[in-house]
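Now for the letters of each chain:
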Amino acid sequence: MSLPENRHQGKSRLVVISGPSGSGKTTICKRLLEVPGIVMSVSAATRQKRPGEVDGEDYYFLDKDEFARKVENGEFLEYAEYNGNFYGTLRSEVEKKLARGLTVILEIEVQGTRKLREGGVEALFLFVMPPSPEELERRLRHRRTENEETILGRLAIAREEMDMAHLYDHVVINNELDAAVEQARGYIGHGDFGYEPRTETAGDESDPEGEA
Ligand code: 5GP
């Protein structure tokens, strides 16, 4: 799996962020977008749009045939099935943003991470943990955008995902949002990631809505 532009002054600029649904990873990602030069990769997904979501900003919403065609054409850096729907990172998304010298966040689930690890993709891998299983369930129910079956499905997946935290370079426990964001920024900004975020603004990149 090659990504020729995945280099900037010898450093990787891809950041993979995962965490169970309800861990707060989407909120953390949104806060990271406030850092100049950090943008999200917009994934393709086959699930239904949630209220307030925008095609092309939150996801590229595709039907299953369109998604399968892109799989056949090799357009995905990785993709996975999650709770009955398909989600994938478009190579074109990542490449165009890396080529602009931006730091690109992939907010993906753990199977996708495993594929990136197996493919030898260089990135900083961060896993966001909720403070406790009880708090995770409370957050998921509080969202009220999904039915009981979906919530139970997400809870079951969440338990499996938390067992996969060892695939990541660092675990960020999201007990208090500001502290979790600072911790993530610290890993991205220096330490083993090895560079300071750029100071100019990221331009026209938008801040996707949605909560996970
Ligand atoms: P949601 O339906 O809540 O937006 O997303 C469900 C899960 O799919 C989340 O864990 C999210 O991080 C993950 N996801 C979103 N985009 C991608 C992607 O491109 N690839 C993979 N593997 N997972 C994704």
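These lines cover the structure that appears in this document, whether it is placed above or below.

### Considering the site of the ligand
Next, step 1: Taken together, 16 residues lie around the ligand, and S43, R47, Y59, Y87 and E109 are the ones closest in.
Next, step 2: Between the ligand and the protein, one listed contact pairs an oxygen atom with a side-chain N or O atom of R154 at 3.1 Å.
Next, step 3: For the ligand, the protein covers 97% of the area, taking 520 Å² as the surface of the free molecule.
Next, step 4: At the level of secondary structure, the elements contributing two or more residues to the shell around the ligand comprise β5 (76-82) and β6 (85-90).

### Quick notes on the sheet that holds strand β8 (residues 124-129)
Next, step 1: In spatial order, the strands read β2-β7-β1-β8-β9; together these five strands make up an open sheet with parallel pairing. The open sheet has two edge strands with one neighbour each: β2 (38-40) and β9 (170-173). Adjacent strand axes in the sheet meet at a mean angle of 30°, parallel and antiparallel pairs treated alike.
Next, step 2: The pairing of β8 with β9 spans four bridges and is classified as parallel. Opposite V128, over in β9, you have V172 as the bridge partner.
Next, step 3: Along the sheet, helix α4 (residues 110-118) makes contact with β1 (14-18), β7 (103-107) and β8, crossing β8 at roughly 160°.
Next, step 4: In this fold helix α7 (residues 177-189) packs onto β1, β2, β7, β8 and β9, with an angle of close to 160° to the strand it touches most, β9.

### Concerning the environment of P133
Next, step 1: As for its position among the elements, P133 is in helix α5 (residues 133-143).
Next, step 2: Overall, P133 belongs to the exposed group, its relative accessible area being 55%.
Next, step 3: Once the C-alpha coordinates of P133 and L155 are considered, the two residues, 22 residues apart in sequence, prove to be 9.1 Å apart.

### Topic: helix α1 (residues 25-32)
Next, step 1: Inspection of α1 places K25, T26, I28, C29 and L32 among the buried residues, and these make up the whole buried set. Down the axis of α1, the buried side of the element spans an arc of 160°, and every buried residue falls inside it.
Next, step 2: Residues of α1 that are buried make contact with β1, β2, β7, β8 and α7.

### Description of the packing of α5 against helix α6 (residues 148-162)
Next, step 1: Put simply, α5 and α6 touch, their axes get as near as 11 Å, and they point 150° apart. Considering the angle they form, α5 stands roughly antiparallel to α6. As for how α5 packs across α6, the hand of that crossing is right-handed. On the side of α5, the interface is formed by L136, E137, L140, R141 and R143, while α6 contributes E148, I151, L152, R154, L155, A158 and M162.
Next, step 2: Along the lines of polarity and charge, the residues of the contact of α5 with α6 split into seven nonpolar, no polar and five charged.

### Some words on the pattern of salt bridges
Next, step 1: Applying the stated criterion across every chain, the model contains twelve salt bridges.
Next, step 2: Linking D169 and R117 is a salt bridge whose minimum nitrogen-to-oxygen distance equals 3.1 Å. On the criterion of sequence distance, the pair formed by D169 in the loop between α6 and β9 and R117 in helix α4 is long-range, its members being 52 residues apart.
Next, step 3: Exposure remark for R117: the relative accessible area of 34% places this residue in the partly exposed category.
Next, step 4: Look at the salt bridges and you will find they share partners, linking R31, E34 and D178 into a network.

Parameters at a glance
Once a new chain begins, its residue numbering starts again from 1 and follows that chain's sequence as written. Reporting of local features is limited, given that this is a predicted model, to residues whose pLDDT is at least 70; pairs of side-chain atoms are given and counted only at 80 or more, and all residues count toward the totals for whole chains, interfaces and linings. To obtain the side-chain values, all non-hydrogen atoms of the structure were used and water was disregarded. Near is defined per residue: the residue qualifies when any heavy atom it owns lies within 4 Å of the molecule or strand. Counted as a polar contact is a pair of N or O atoms within 3.5 Å, where, for protein atoms, one must be capable of donating a hydrogen and the other of accepting one, and residues adjacent in sequence contribute only when both atoms are in side chains. Surface accessibility in these figures is a Shrake-Rupley result with a 1.4 Å probe; residues are shielded only by whichever protein chains are displayed. Numbering of helices and strands runs from the N terminus, with a helix taken as a DSSP run of H or I at least four residues long and a strand as a DSSP run of E at least two residues long. DSSP bridges decide pairing: two strands pair if at least two such bridges lie between them. Think of each axis as a best-fit line through the C-alpha atoms, taken over the contacting stretch in the case of a helix, with angles from 0 to 180 degrees between the N-to-C directions. Only heavy atoms enter the contact rule, under which two residues are in contact if any of them lie within 4.5 Å. Partly exposed residues are those whose accessible area sits between 20% and 50% of the maximum for their type, while under 20% is buried and over 50% is exposed, using a 1.4 Å probe and protein chains only. Here, the arc refers to the directions that run from the helix axis to the C-beta atoms. Here the angle decides the label: under 35 degrees means roughly parallel, over 145 means roughly antiparallel, 65 to 115 means roughly perpendicular, and every other value means oblique. Working rule for handedness: look at the near helix, and if it is turned counterclockwise from the far one by less than a right angle, call the crossing left-handed; if clockwise, right-handed. Think of it as three bins: nonpolar holds Ala, Val, Leu, Ile, Met, Phe, Trp, Tyr, Cys and Pro, charged holds Asp, Glu, Lys and Arg, and polar takes everything else, Gly as well. A side-chain nitrogen of Lys or Arg and a carboxyl oxygen of Asp or Glu constitute a salt bridge if their distance falls within 4 Å.

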